Amino acid sequence: AGDDQLLDAVRRAGYPAHLVTEAVARPAPARGGDGWQVGLAAALSLPLVLPMVGDLLGRHWMIAPWLQWLLATPVQFWIGARFYRAGWHALRAGSGNMDLLVALGTSAAYGLSLVLWARDTSGMPHLYFESAAVVITLVRLGKWLEARAKRQTLAALDALRALRPETARVR
């Protein structure tokens, strides 16, 4: 009864859970993981950040709103989809987490950009597509670095475990 109650509590919190009844060998971690998504997000976000760097140098490199939207949309809704999924699970469980905050914050910046772009008559409104894309890119980079460090730590622990002798003689 205790195991079932624990599993139900974990499932109500929005996470998958199952009972492990026998020792399970840990699968070898995937090399690289989702690093390509971080690289793609960075490549799509870089053109959005360059105009801010240009402003520091006294240059005006702002790109057209439609191009900003085109670059930010895949980062927001494809690469950032994991934040929406995890945030939705947390919201359904009646709690909040970092994923929910990232989803809400970047959606606010993205949505405000759409509204400002639609209401603008000057042709070059001040938009926040770059903020949404860069936040998602940086958080994904942090999560990727964390997973990479975890993989390396587990590999080092496995290597240490392999050095452990099977038998020992006491003198």
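Placed above this text is the structure.
Keep in mind it's a predicted model, so treat the numbers as computed, not measured.

A.B. asks: How should the overall build of the protein be read in this particular structure?
C.D. replies: For the protein, the count of helices and strands is six helices and zero strands. Shown N-terminal to C-terminal, the secondary structure of the protein runs as helices and strands in the order α-α-α-α-α-α. Taking 171 residues into account, the globule formula puts the C-alpha radius of gyration at 16 Å, and the protein, at 23 Å, lies well above it. If one aligns the C-alpha atoms of the protein with their principal axes, the spans along those axes are about 85 × 40 × 20 Å. Burial status across the protein gives 26% buried among its 171 residues. Total accessible area computed for the protein in this model is approximately 12,100 Å², and 64% of it derives from carbon and sulfur atoms. Counting 18 positive and 12 negative side-chain charges, the protein places the centres of these two groups 6 Å from one another.

A.B. asks: Hey, could you run me through the nonpolar core in this one?
C.D. replies: It is characteristic of soluble globular proteins that their nonpolar side chains tend to be buried jointly. The biggest cluster of nonpolar side chains holds 19 residues, and the ones touching the most others in it are Leu48, Ala72, Val75, Phe83 and Ile136. For this core, the secondary-structure elements that each account for two or more residues are α2 (35-56), α3 (65-79), α5 (98-119) and α6 (129-163). In terms of residue count, the dominant contributor to this core is α6 (five residues). Apart from residues lying up to four places away in sequence, alanine 72 is in contact with Leu48, Tyr110, Phe129 and Ala133.

A.B. asks: What exactly am I supposed to notice about a nonpolar patch on the surface here?
C.D. replies: Residues Leu46, Leu50, Val53, Leu56, Leu57 and Trp61 make up a contiguous nonpolar surface patch of about 630 Å² in total accessible area. Counting through the fold element by element, leucine 46 comes out in helix α2.

A.B. asks: Hey, could you run me through the pattern of salt bridges in this one?
C.D. replies: When the charged atoms of two side chains with opposite charge come close together, those side chains can pair. All told, the structure shown has three salt bridges when counted by the stated rule. Between lysine 143 and aspartate 99 there is a salt bridge, and its shortest N-O distance comes to 3.8 Å. Taken together, the positions of lysine 143 in helix α6 and aspartate 99 in helix α5 put the pair 44 residues apart, joining distant regions of the chain. Note on aspartate 99: relative accessible area 12%, which makes it buried.

A.B. asks: So what exactly am I meant to see when it comes to the environment of tryptophan 66 here?
C.D. replies: Secondary-structure assignment places tryptophan 66 in helix α3. Between the C-alpha atom of tryptophan 66 and that of lysine 150, which follows or precedes it by 84 residues, the distance is 39 Å.

A.B. asks: Even after reading the chapter, I still don't get the packing of aromatic side chains, so can you show me in this structure?
C.D. replies: In this description, an aromatic ring pair is defined by two values, namely the gap between the centres and the angle between the planes. The final tally for this structure, using the stated rule, is six aromatic pairs. When the ring of tryptophan 69 is compared with that of tryptophan 117, the centres are 6.5 Å apart and the planes differ by 40 degrees; the resulting orientation is tilted. With tryptophan 69 in helix α3 and tryptophan 117 in helix α5, this residue pair connects regions lying 48 residues apart in the sequence. Judged by its relative accessible area of 32%, tryptophan 69 is partly exposed. A ring pair is formed by tyrosine 110 and phenylalanine 129, whose centres lie 5.2 Å apart and whose planes are at 70 degrees; its orientation type is edge-to-face. Here tyrosine 110, found in helix α5, pairs with phenylalanine 129, found in helix α6; they are 19 residues apart in sequence, far enough to count as distant. Since its relative accessible area comes to 6%, tyrosine 110 is described here as buried. The buried category is assigned to phenylalanine 129, whose relative accessible area is 0%. Through pairs of rings, three or more aromatic residues link up here, namely Trp69, Phe77, Tyr84, Tyr110, Trp117 and Phe129.

A.B. asks: Just checking my understanding: could you explain α5 for this structure?
C.D. replies: With 22 residues, α5 should reach 32 Å at 1.5 Å per residue; the first-to-last C-alpha distance of 31 Å fits that figure. All buried positions along α5 are accounted for by Asp99, Leu100, Val102, Ala103, Thr106, Ala109, Tyr110 and Ser113. Those residues of α5 that are buried lie in contact with α3, α4 (81-92) and α6. Where α5 starts, the residue carrying a side-chain oxygen 3.2 Å from the main-chain nitrogen of aspartate 99 turns out to be asparagine 97.

Scoring rules and cut-offs
The residue numbers shown here count from 1 along each chain, following its written sequence. The predicted origin of the model limits local features to residues at a pLDDT of at least 70 and limits the giving and counting of side-chain atom pairs to 80 or more, whereas totals for whole chains, interfaces and linings rest on all residues. Hydrogens and water molecules were not included; the side-chain quantities draw on all heavy atoms of the structure. Here a helix means four or more residues in a row that DSSP labels H or I, a strand means two or more in a row labelled E, and each is numbered from the N terminus. Our radius of gyration is a C-alpha quantity, and the globule rule it is checked against amounts to 2.2 Å times the number of residues to the power 0.38. Relative accessibility decides the category of a residue: with a 1.4 Å probe and only protein chains considered, values under 20% of the type maximum give buried, values over 50% give exposed, and everything between is partly exposed. Using a 1.4 Å probe, the Shrake-Rupley method yields the accessible areas, and only the shown protein chains count as cover for residues. Asp and Glu are treated as the negative residues and Lys and Arg as the positive ones, with His and the ends of the chain left uncounted. Note that the charge is assigned to NZ on lysines, CZ on arginines, CG on aspartates and CD on glutamates. We define the nonpolar core as a collection of buried residues of types Ala, Val, Leu, Ile, Met, Phe, Trp, Tyr and Cys that are connected through side-chain atoms lying within 4.5 Å of one another. The contact criterion used is simple: two residues touch if any of their non-hydrogen atoms lie within 4.5 Å. Here the term patch refers to residues with relative accessible area over 30% and no salt bridge, with like charges joined within 9 Å and nonpolar side chains (Val, Leu, Ile, Met, Phe, Trp, Tyr) within 5 Å. Definition used for salt bridges: Asp or Glu carboxyl oxygen within 4 Å of a side-chain nitrogen of Lys or Arg. Classification of ring pairs uses Phe, Tyr and Trp, with its six-membered ring standing for Trp, and accepts pairs whose centres are within 6.5 Å; under 30 degrees between planes counts as stacked, over 60 as edge-to-face, and the remaining range as tilted. Given the number of residues in a helix, its expected span is that number minus one, multiplied by 1.5 Å. Definition of a polar contact: a pair of N or O atoms within 3.5 Å, with one able to donate and the other able to accept a hydrogen when the atoms are protein atoms, and with sequence-neighbouring residues admitted only if both atoms are side-chain atoms.

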